[in-house]
Amino acid sequence: MQRIGILGGTFDPIHYGHLVIAEEARWTLGLAQIYVVPAAQQPFKQGQQRANPAQRMEMVERACAGNSALVPSDVELRRTPPSYTIDTLQDFRNRLGDSATIWFIVGGDALESLPHWHAAAEIISLARLAAVGRPGSAPDLTWLDAALPGLANSTDRVTGPQLDISSTALRRRVAAGQPIRYQVPEAVLTYIVEQRLYQT
Ligand code: NAP
């Protein structure tokens, strides 16, 4: 049976916090591959993206280079926005077939908002959730299950090292002229500098 992960994100920019949760999910759940899927337009962040979809895709490709378990996917960039997770899961389910188990990897904030996502009930019928904690926070699955019945049974917790890195803080640091080296892969940093991303 195929065991596949999907890490969706805005990735504006992708950083080591994202790569660590992918690696921990891979190891904990025995995933063969993790598709890393940048959103063209995250439904809750309309108009907030700073780097354009092609630039965020390029950063994802650079971050995944050299790790055959991480597979960049432009599936959401090829669809008309907004990028609904249900459409992405349906796409992977169609390609992988019913026998594959798919985990959608989510951080704590994303998990807490999931009951309000488009077609949330269908999401947990198509995939399991791999819930990764953030430093200092543990999602309350009992409360979330009341908001979206079945969520707790569809969720596997993934614990591991937690890095207090956020894309928002990285963008602010670049704008302030502060270093972000060792928070993003070197090839991503090079691209941010080359493209003059996040400077204002
Ligand atoms: P993001 O900010 O780029 O982050 C991607 C994922 O990594 C999130 O789950 C995030 O969790 C987690 N993460 C980031 N930094 C982390 C760190 N240092 N340690 C641990 N986890 C970390 O992406 P996003 O904008 O939240 O979007 C996440 C996914 O949800 C995307 O695929 C998006 O399309 C989807 N989404 C779908 C809908 C919908 O279908 N209606 C609505 C909203 C979002 P945190 O949330 O905890 O930061």
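Located above this text is the structure these notes cover.
What counts as what
Residues numbered from 1 in each chain as written. Predicted model: local features only at pLDDT ≥ 70, side-chain atom pairs only at ≥ 80, totals over all residues. Heavy atoms only, no water. Helix = DSSP H or I, 4+ residues; strand = E, 2+ residues; numbered from the N terminus. Rg over C-alpha atoms; globule rule 2.2 N^0.38 Å. Buried < 20%, exposed > 50% of the residue type's maximum accessible area, 1.4 Å probe, protein only. Contact = heavy atoms within 4.5 Å. Areas by Shrake-Rupley, 256 points an atom, 1.4 Å probe, with all protein chains shown as cover. Pairing = 2+ DSSP bridges. Core = buried A, V, L, I, M, F, W, Y, C linked by side-chain atoms within 4.5 Å. Axes fitted to C-alpha atoms, helices over the stretch in contact; angles between N-to-C directions. Salt bridge = Lys/Arg side-chain N within 4 Å of Asp/Glu carboxyl O.

Counting its regular elements, the protein contains eight helices and six strands. Element order for the protein, N to C, with α for helix and β for strand: β-α-β-α-β-α-β-α-α-β-α-β-α-α. Relative to the 2.2 N^0.38 estimate, which gives 16 Å for 200 residues, the radius of gyration of the protein is 16 Å and therefore close to what a compact globule would have. In the protein, which comprises 200 residues, the proportion classed as buried is 48%. Long-range contacts, defined here as pairs at least 24 residues apart, represent 76% of the contacts in the protein between residues at least 6 apart. Here the protein displays about 9800 Å² of accessible surface, and carbon together with sulfur accounts for 48% of that area.

Turning to the pairing of strand S2 (residues 33-38), a few remarks are in order. Counting buried positions along S2 gives five out of six residues, so the element sits mostly inside the fold. Summarising the sheet, strand S1 (residues 3-9) and S2 pair through six bridges and their orientation is parallel. Considered in S2, the bridge of Gly8 is made with Val37. Note: S2 against strand S3 (residues 70-72), three bridges, orientation parallel. Paired with Val36 across the two strands is Pro72, which belongs to S3.

To continue, consider the nonpolar core. Counting residues in each nonpolar core, the largest one holds 33 residues, and the members touching the most others are Ile14, Ile34, Val36, Met59, Ile105 and Ile192. A per-element tally of this core places helix H1 (residues 16-29) first, with five residues. Ile14 has contacts with Leu19, Val36, Met59, Val60, Ala63, Val184 and Val188, leaving out every residue within four places of it along the chain. Core analysis: the second largest hydrophobic core is formed by 28 residues, Tyr35, Ile86, Val106 and Leu144 among them.

This brings us to the sheet that holds S1. Across the sheet, six strands lie side by side as S3-S2-S1-S4-S5-S6; this open sheet has parallel pairing. The open sheet is flanked by S3 and strand S6 (155-158), the only strands paired with a single partner. Between one strand axis and the next, the sheet turns through 30° on average, direction left out of account. Contacting S1, S2, S3, strand S4 (101-107), strand S5 (128-132) and S6, H1 runs over the sheet at an angle of about 115° to S6. Across the face of the sheet, helix H3 (residues 85-96) comes into contact with S1, S2 and S4 while running at roughly 155° to S4.

Quick look at the pattern of salt bridges now. Scanning the model with the defined rule gives six salt bridges in all. A salt bridge links Asp91 to Arg95, with the shortest nitrogen-to-oxygen separation between them at 2.9 Å. One end of the pair, Asp91, and the other, Arg95, are both in helix H3, four residues apart, so they sit about a helical turn from each other. The residue Glu186 makes a salt bridge to Arg181 at a minimum N-O spacing of 2.9 Å. Overall, the relative accessible area of 37% leaves Glu186 in the partly exposed class. Exposure remark for Arg181: the relative accessible area of 46% places this residue in the partly exposed category.

Function cannot be inferred from these measures alone, as they are strictly geometric.
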